[in-house]
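Residue-level structural notes
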Amino acid sequence: MSQPERTISQLKELVQALPTIEQERFARVFKVTTTIGELNPPPSMHDWITRYFGSVEAVQKQRIVNVMNLITVEGALFNELRASRPMETQAPSDLDDIINRNLGDPFCQPLEGTPEDVFGRVKGAHCITASNVAKYDGFHGLIIFNEHNPLHFTAEGVKDYIDTAVAWARKAHCLDNDASYFFFMWNCLWRSGASILHGHAQMALGRGMHYAKVEHLRRVALLYRVGHGVGYFDDLFAIHDALGLAVDDGGVRIMAHLTPIKEKEVLLVSGRLDDALKHSVYRVLKCFVETLGVRSFNLALCMRPIDTVPEDWRGFPIVVRVVDRGDLSNRTADFGAMELYGSTVITSDPFRVAEALAGCLGDQ
Ligand SMILES: [Zn+2]
């Protein structure tokens, strides 16, 4: 507790304080640019500014940190003013009522309310699969949770959802051997893009090539290994770890991402899709909901193809990404033109996310 609180606005200084070998590793992957934005508010605004930001001086000079991943070309812009706002995402007080009012939706009776795949359904202990009515790929299915409320997930449930999705992929692959590219995703509540409240995840099994962003990640990781002789994901974890932004959860590498796609993004990386990884996914989600107040999130799990393919996937791990999609009562979207076409603007400080993760994952 004697150490001063680390913040993303001090990232450059924190990197400079690392051992040389760690600084070199950081520089292989990331570039940090710090800049000061200045403005002159009229006296008529002073009261309002003081109320929202603490003081007029805090606004007159604002430190902005631009973090760029030079390998994946993902970028994030952090403003210490924005990051100083409370971390916890607010939830509407009547959220439980809203969710309960939807009881009796088609996913509450999946056998009657949803179609099955041509190879039938896969039934797990806590879920059942369905075929997506409007597909975005030839094999595009749903994991419909037995539990209606999407926030009432358990460790056994999360493991079962992933296991059932993989079993579904195996069935689909038996039907079409060219379909090998498995992708699992979970959109929770409406800000994440989920159109139905009832708890559900989705999975797809692509043909020919993996989904665009996964293929991009494979290519840059491969080039990194060729160029530097080390694994990209190993370096990514080592960099986060050296800065205090990582947790090793029984072999699963968990990072509060330095270039988050949006608020509070956490990466989980593991060599295997085993029970340890599934349990870590559960614990991170629990931490999101119970500690960070997240209600609406996206989760994606990507991995190498489930059968042999021509391109090189050696060394590509299982990568899970989880992101907060913001306040459910906020009508403003969290993604604007800057996020879509420029760099992502981030409010949440990865150091605070890392603290929350360390607190959640430190105790069983
Ligand atoms: Zn339901």
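Everything below is about the structure shown above.
Residues numbered from 1 in each chain as written. Predicted model: local features only at pLDDT ≥ 70, side-chain atom pairs only at ≥ 80, totals over all residues. Heavy atoms only, no water.

1. A look at the overall build of the chain
Of the regular secondary structure elements, the chain holds 13 helices and 13 strands. For the chain, the spread of C-alpha atoms along the three principal axes comes to 65 × 55 × 40 Å. Relative to its 364 residues, the chain shows a buried fraction of 53%. Long-range pairs, those at least 24 residues apart, make up 68% of the contacts in the chain between residues at least 6 apart in sequence. (Helix = DSSP H or I, 4+ residues; strand = E, 2+ residues; numbered from the N terminus. Buried < 20%, exposed > 50% of the residue type's maximum accessible area, 1.4 Å probe, protein only. Contact = heavy atoms within 4.5 Å.)

2. Observations concerning the state of the cysteines
A disulfide bridge is the covalent bond that connects two cysteines by way of their sulfur atoms. This structure, assessed with the given rule, holds one disulfide. The residue that forms a disulfide with cysteine 287 is cysteine 360, at a sulfur-sulfur distance of 2.2 Å. Between cysteine 287 and cysteine 360, the disulfide has an S-S torsion of 70 degrees and is therefore right-handed. With a gap of 73 residues between them, cysteine 287 in helix α11 (residues 275–291) and cysteine 360 in helix α13 (residues 350–362) connect regions that are remote in the sequence. Like cysteine 360, cysteine 287 is buried. Summary of cysteine pairing: cysteine 174 is not part of a disulfide, and the nearest cysteine sulfur, belonging to cysteine 127, is at 19 Å. (Disulfide = S-S within 2.5 Å.)

3. Considerations on the environment of histidine 216
Its place among the elements puts histidine 216 in helix α9 (residues 212–228). With relative accessibility at 37%, the residue histidine 216 sits in the partly exposed group. In sequence terms histidine 216 and threonine 72 are 144 residues apart; their C-alpha atoms lie 7.8 Å from each other. A polar side-chain atom of histidine 216 sits 3.2 Å from the main-chain carbonyl oxygen of threonine 72. (Polar contact = N/O pair within 3.5 Å; in protein donor to acceptor, adjacent residues only side chain to side chain.)

4. Some remarks on the sheet that holds strand β5 (residues 139–145)
Read across the open sheet, the nine strands follow the order β4-β5-β7-β6-β11-β12-β10-β9-β8; overall the sheet is antiparallel. Bordering the open sheet on either side are β4 (127–131) and β8 (246–249), each of which pairs with just one other strand. When the angles between neighbouring strand axes are averaged without regard to direction, this sheet yields 20 degrees. Where strand β6 (residues 179–188) lies against strand β7 (residues 200–207), six bridges are found, and the strand directions are antiparallel. Of the residues in β7, the one forming a bridge with methionine 185 is glutamine 202. Contacts between α13 and the sheet are confined to β8, β9 (252–256) and β10 (266–270), with β9 contributing the most and set at about 145 degrees to the helix. (Pairing = 2+ DSSP bridges. Axes fitted to C-alpha atoms, helices over the stretch in contact; angles between N-to-C directions.)

5. Digging into the coordination of the zinc ion
For the zinc ion, the full set of protein donor atoms is Asp105 (OD), Cys108 (SG), His148 (ND1) and His198 (ND1), and the range of their distances to it is 2.0 to 2.3 Å. In this structure, the zinc ion is surrounded by four donor atoms whose angles at the metal cover 89 to 117 degrees, and the resulting shape is tetrahedral. (Donors = N, O, S within 2.8 Å, 3.2 Å for Na, K, Ca; no water. Tetrahedral: all angles 85-135°; square planar, octahedral: opposite > 155°, others 65-115°.)

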